Amino acid sequence: MSNIPTDLRYTRDHEWAKREGGNVRVGITHYAQEQLGDVVFVELPKVGAKAAQRQSFGVVESVKAVSDLYAPVSGEVVEVNAQLGKTPELVNQDPYGRGWMIVIKPSNPAEWDQLLTAKQYEEHLAQGPH
Amino acid sequence: MDMPLKRTPLYGIHVKAGARMVPFGGWEMPVQYTSIVEEHRAVRAAVGLFDVSHMGEFEVEGPEALAALQHLTTNDVGALEAGQVQYSLLCYPDGGIVDDLTLYRLGPERFMMTVNAANIDKDWAWVTERSATRRGARWRNVSAQTALIAVQGPRAEALVGRLADRDVAAIGYYRFAAGAVAGGQALISRTGYTGEDGFELYVGAADAMRLWQALLDAGAGAGARPIGLGARDTLRLEMRYALYGNDIDQTTNPIEAGLGWVVKLAKGEFIGREAIERVKSEGPRRRLVGLEMADRAVARHGYPVLKDGQAIGIVTSGSYGPSVDKSIALAYVDTAHAAVGTELGVDIRGQARPARAVKTPFHPPRVKKAP
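This one's a predicted model, so the numbers in the text were calculated from it and none came from an experiment.

Trainee: Provide a residue-level description of the pattern of salt bridges, including the pertinent values.
Mentor: Counted according to the given criterion, the structure contains 30 salt bridges over all chains. We note a salt bridge from Glu38(B) to Arg225(B), for which the minimum N-O separation is 3.4 Å. Of this pair, Glu38(B) sits in helix α2 (residues 36-45) while Arg225(B) sits in strand β13 (residues 225-226), and the two are 187 residues apart along the sequence. Glu38(B) sits in the partly exposed class, given a relative accessible area of 44%. Ionic pairing is found between Glu238(B) and Arg44(B), a salt bridge with its closest N-O pair at 2.9 Å. Highlighted residues: Glu238(B) in helix α7 (residues 229-239) and Arg44(B) in helix α2, separated in sequence by 194 residues. The exposure class of Glu238(B) is buried, given its relative accessible area of 0%. When salt bridges with common partners are traced through the structure, they connect Glu43(A), Glu61(A), Asp295(B), Arg300(B), Arg349(B) and Arg353(B) into a single cluster.

Trainee: Quick one: what's the story with the nonpolar core, residue by residue and with numbers?
Mentor: Residues and elements named next belong to chain B. Membership of the largest hydrophobic core comes to 46 residues, with the highest contact counts inside it found for Phe 50, Leu 89, Tyr 104, Ile 248 and Leu 259. Where this core is concerned, the elements lending two or more residues are α2, β5 (85-91), β6 (97-107), β9 (146-152), α7, α8 (273-282) and β17 (326-334). Take this core: its biggest share by element is four residues, from β5. Core analysis: the next-biggest nonpolar cluster, separate from the first, contains 33 residues, Met 21, Ala 147, Ala 156 and Ala 177 among them.

Trainee: Go over helix α6 (residues 208-219) of chain B, please, and point to the residues and values.
Mentor: Spacing of three or four residues puts side chains on the same side of an α-helix, whose turn is 3.6 residues. The end-to-end C-alpha distance of α6(B), which contains 12 residues, comes to 16 Å, matching closely the 16 Å that a straight helix rising 1.5 Å per residue would cover. Among all positions of α6(B), only Ala208(B), Leu211(B), Trp212(B), Ala214(B), Leu215(B), Leu216(B), Ala218(B) and Gly219(B) are buried.

The rules behind each value
- Residues numbered from 1 in each chain as written.
- Chains lettered and ligands numbered in written order.
- Predicted model: local features only at pLDDT ≥ 70, side-chain atom pairs only at ≥ 80, totals over all residues.
- Heavy atoms only, no water.
- Salt bridge = Lys/Arg side-chain N within 4 Å of Asp/Glu carboxyl O.
- Helix = DSSP H or I, 4+ residues; strand = E, 2+ residues; numbered from the N terminus.
- Buried < 20%, exposed > 50% of the residue type's maximum accessible area, 1.4 Å probe, protein only.
- Core = buried A, V, L, I, M, F, W, Y, C linked by side-chain atoms within 4.5 Å.
- Expected span 1.5 Å × (residues − 1).

What follows is the structure, encoded as structure tokens:
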């Protein structure tokens, strides 16, 4: 069974979101990294870029495939994980920790409540292949 | 109509081992067991087992078998001795490639060819129709009865040697011998698709499971592990081995693909000869080159290759190369920009990413040339 921390919120596209003070840290789930396989490249926005909920903010490339990354909430990108430039495999090794991708300063706090809870995300995964 | 996917005799053992199964050329095959990168490195460092039973095997025998093959394939079958293997091509009259293959001379009038899984039906129709009038060449499609296990890596010789009833170290590169491996009859071929030393073991479908398990058990201490098609692709890409459907197909000819070495114009008539000779004498318009990317973004099949912002080619295969730790690719580019060292770009999601034409193979091969 996939590792789904209960203190995070999730998108249907397999990103996680974590509240930190007023900001939201974003990455992809354990399930997503497992499906992708070896991550070899992550393309992320620059600090200061605008993210829009459900819109692509970057891409993650594994050996076999390229996948878009979707923002869980709208806002300004205030931090980017520069370590992924040199060691993209952190996404596989530690998807909820050192494999984080960006931090967003939300512009619409109401969007948080539209994200899936851990239980809802688990149900979403149980519905079959995505 | 959606045809059901075919399964090799080893399907059950892959699923049990936790492999991720994917459709590939009409077959349900393991793409990876744990991680493509890990599996790739295991083959370079130790030894890996590949189920390639989905590949097709045709036998042809009789007094006209040699003549039929000389007409059908581009390499010189006359130069092939019994016990020897030859890489070759089937071409259309316009020089486009029907398939690439390995050809085995089993005896004076008996041969076997191994073809790509996705092309079995097409190739079978092609070879039998094109030699229908030769009654002295009898064809047999033995694909369904034949399983194929590749054992590749620096520890392959020791592993196969432990299970074989003959001295496999004495089998030279691109040579083969009959023998028993783990108690079952096998054709032991010193060939592969990884750039490492190793063998391809042709066995009856009923023997496949036992052989696979015996290889895994005997090789456990040496790090033997099953390897999926994902790592097979990155291993062959580092060697610049062509992949049918990506780097070569009916629209590409052997000269532009860099496969002129398997076209023997001096042998006489064969299908595609005139067209290939023309391309050779005029010089190809484009060439298949190796590209190394400046960053790790992956140049994938179909992405445009750029020179000063203009599209001058197209990527045919691309991946992260675990042994070279770089993003690498093969691409057809206009001959004017094909020289090693040329600075190019690849359009990746609308951005021109710097690339350079480099010498191939990307990683030095370690096949065992002399017995």
